[in-house]
Amino acid sequence: MRTVLISGGGIAGPVLAHWLRHHGFVPTVVERAPSPRSGGQAVDIRGVALRVVERMGLPEQLDRVRTRMRGMSLLGPDGKEIHRSTEVAYSSGRLDSADIEVLREDLVRIVYERTRADVEYLFGDSVTALDEDESGVRVGFAHGPSRTFDLVVGADGLHSTVRRLAFGPEEQFVRHLGSYVSVFGAENLLGLDDWQVWLRDGDIGFGVMPVRDNAELRIAFGFESEPLGADLRTEEALRRRVADRLAALPWAEGARLAEAARTAPDFYCDAMAQIHLDRWSRGRVVLLGDAAYCPSPLSGQGTSLALVGAHELAACLAKAGGDHGEAYAAYERRMRPFVALNQALATENGGGPAAEESVEQAKNAFALDG
């Protein structure tokens, strides 16, 4: 049986591990965090990705934790409602859709629990070196001893270490989309009841949605900006920027949201960006999910691409009898058109009915192998 190291314990990596085990491979997942990551925004499982979670036997578990929004309000800068809808929510699209919206941390936990019994997980560690020869890839780790694997998969996100080690500096592959997004949690200080609110004021905008039976909020705050220098990308600097912009709002609740940004233990902020590579593999190393083809949160399709990509990479490896060259080539041939359609959702659609039609086409423009 072939051994596969997967760097990244988010969504793509553990889903790939599930399908590799299904096909007779021996996967190991290494994750920098000390345990499955918590925090993060709500994510959508759409179109063909629903077939992946169905094949994994997860719909019942996902249904128990899915969000159940009744609608949304759009607010002006002063907090006064200027529009409302009980048909559409900005976070997930049409409320009568078959798509599933769940918190990212819930999806991570569910997939981890499904795989932990027959997949080796190395938490609190990370890849530091890759040395490939004809027999495999010798992998260096930050804390554990070096080990050799037949194949290595980088499923370690936008700032992938595996991609940097195998392909070079990320600056070659990142396309900045002109803004940053921050996500953090808070208690339900707005008293929202299965109802989300969105506000736009000049070059900033944000959404607030209740989760955990309305006990908590998830706040997604975006601001327009060219790429920030290293001194402005520290967590402290980004927290300060987000909190200051919220505090400056004419809406009275801005001050409380600003304090939540200052104190949230799960504060996250990063560029809206995409990843574009001419090839997703080099030798025995291959990239998956955001590490290979991040579409950015603006597309709404990152999670679905991760789920579908993981299923297809495993299927291609199985069909090729473990011949990684043949399998990786087939994986790219199958996935690239689907990736291109979904990345375009973030860069080419201006909203309205045409954009909705593009979303429907993109999320269903693929047929699973097998």
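Residues numbered from 1 in each chain as written. Predicted model: local features only at pLDDT ≥ 70, side-chain atom pairs only at ≥ 80, totals over all residues. Heavy atoms only, no water.

### Considerations on helix α6 (residues 235-247)
Over its 13 residues, α6 runs 18 Å from end to end, which matches the ideal 18 Å to within 8%, given 1.5 Å per residue. All buried positions along α6 are accounted for by A237, L238, R239, V242, A243 and L246. The elements touched by buried residues of α6 are β14 (174-187), β16 (204-211), β17 (216-224), α7 (254-263) and β18 (268-275). (Helix = DSSP H or I, 4+ residues; strand = E, 2+ residues; numbered from the N terminus. Expected span 1.5 Å × (residues − 1). Buried < 20%, exposed > 50% of the residue type's maximum accessible area, 1.4 Å probe, protein only. Contact = heavy atoms within 4.5 Å.)

### Some words on the layout of surface pockets
The calculated volume of the second largest pocket comes to roughly 260 Å³. For the lining of the second largest pocket, the elements supplying multiple residues, two or more each, are α3 (59-65) and β16. Class assignment of the residues belonging to the lining of the second largest pocket gives a composition of five nonpolar, two polar and seven charged. (1 Å grid on protein atoms, 1.4 Å probe; cavity = no way out; pocket = protein on both sides within 12 Å on 5 of 7 lines; lining within 4 Å. Points joined across faces, edges and corners; volume = space filled by probe spheres on them. Nonpolar A, V, L, I, M, F, W, Y, C, P; charged D, E, K, R; others polar.)

### Thoughts on unusual backbone geometry
In this structure, D194 takes a positive phi of about 50° despite not being glycine. Looking at the secondary structure, you find D194 in the loop between β14 and β15 (195-201). Overall, D194 belongs to the partly exposed group, its relative accessible area being 24%. Backbone geometry places N214, a non-glycine residue, at a positive phi of 70°. Residue position: N214 is located in the loop between β16 and β17.

### Re the environment of R64
Mapped onto the fold, R64 is located in helix α3. The exposure class assigned to R64 is exposed, which follows from its relative accessible area of 56%. Sequence separation between R64 and G254 is 190 residues; the distance between their C-alpha atoms is 32 Å.

### Notes on the side chain of N214
At a separation of 3.1 Å, a polar atom in the side chain of N214 contacts the side chain of D193. Contacts of N214, omitting those with residues within four sequence positions, involve N188, L192, D193 and D194. (Polar contact = N/O pair within 3.5 Å; in protein donor to acceptor, adjacent residues only side chain to side chain.)

### Considerations on the pairing of strand β5 (residues 81-85)
Two elements, strand β4 (residues 71-75) and β5, share four bridges in a ladder whose sense is antiparallel. Residue pairing across strands places S73 opposite R84, the latter belonging to β5. In this structure, the hairpin formed by β4 and β5 is closed by a connection of five residues, where G79 is found at a positive phi of approximately 90°. (Pairing = 2+ DSSP bridges.)

### Remarks on a negative patch on the surface
A cluster of like negative charges, contributed by D131, E132, D133 and E134, occupies part of the molecular surface. Relative to the elements of secondary structure, D133 occurs in strand β10 (residues 127-133). Owing to a relative accessible area of 40%, D133 belongs among the partly exposed residues under this scheme. (Patch = residues over 30% accessible without salt bridge, like charges linked within 9 Å, V, L, I, M, F, W, Y side chains within 5 Å. Areas by Shrake-Rupley, 256 points an atom, 1.4 Å probe, with all protein chains shown as cover. Salt bridge = Lys/Arg side-chain N within 4 Å of Asp/Glu carboxyl O. Lys, Arg positive; Asp, Glu negative; His and termini not counted. Charge placed at Lys NZ, Arg CZ, Asp CG, Glu CD.)

### Things to note about the sheet that holds β16
The mixed open sheet is built from seven strands, whose spatial order is β5-β4-β15-β16-β17-β14-β18. Lying at the two open borders of the sheet, with one neighbouring strand each, are β5 and β18. Neighbouring strand axes in the sheet, compared pairwise and without regard to direction, differ in orientation by 20° on average. Of the pairings in the sheet, the one linking β4 to β15 comprises five bridges and is parallel in character. For L75, the partnering residue across the bridge sits in β15 and is L199. Each of β14, β16 and β17 is contacted by α7, which is oriented at about 100° to β14, the strand it contacts most. (Axes fitted to C-alpha atoms, helices over the stretch in contact; angles between N-to-C directions.)

### Comments concerning the pairing of β15
With five of its seven residues buried, β15 lies for the most part within the structure. Where β15 meets β16, five bridges bridge the pair, whose relative direction is antiparallel. Looking at β16, one finds that D201 is bridged to I204.

### Observations regarding the environment of L58
As for its placement among the helices and strands, L58 is situated in the loop between α2 (48-55) and α3. Judged by relative accessible area, which is 0%, L58 ranks as buried. Separated by 56 residues in sequence, L58 and R114 have C-alpha atoms that sit 8.8 Å apart. Filtering out sequence-adjacent residues up to four positions away, L58 remains in contact with V53, I110, V111 and R114.

### Examining the side chain of T161
Looking at the secondary structure, you find T161 in helix α5 (residues 161-167). With relative accessibility at 13%, the residue T161 sits in the buried group. When residues no more than four places from it in sequence are discounted, the contact partners of T161 are R32, V127 and D156.

### Some remarks on the pattern of salt bridges
Think of it this way: side chains of opposite charge can pair up when their charged atoms draw near. Here the structure, examined in full by the defined rule, presents 25 salt bridges. Between R245 and D203 there is a salt bridge; the shortest N-O distance is 2.5 Å. Placement of R245 in helix α6 and of D203 in the loop between β15 and β16 is noted, with a sequence separation of 42 residues between them. Given a relative accessible area of 28%, R245 falls into the partly exposed group. The partly exposed category is assigned to D203, whose relative accessible area is 30%. Among the charged side chains, a network of salt bridges with common partners joins E105, D106, R109, R212, E216 and R218.

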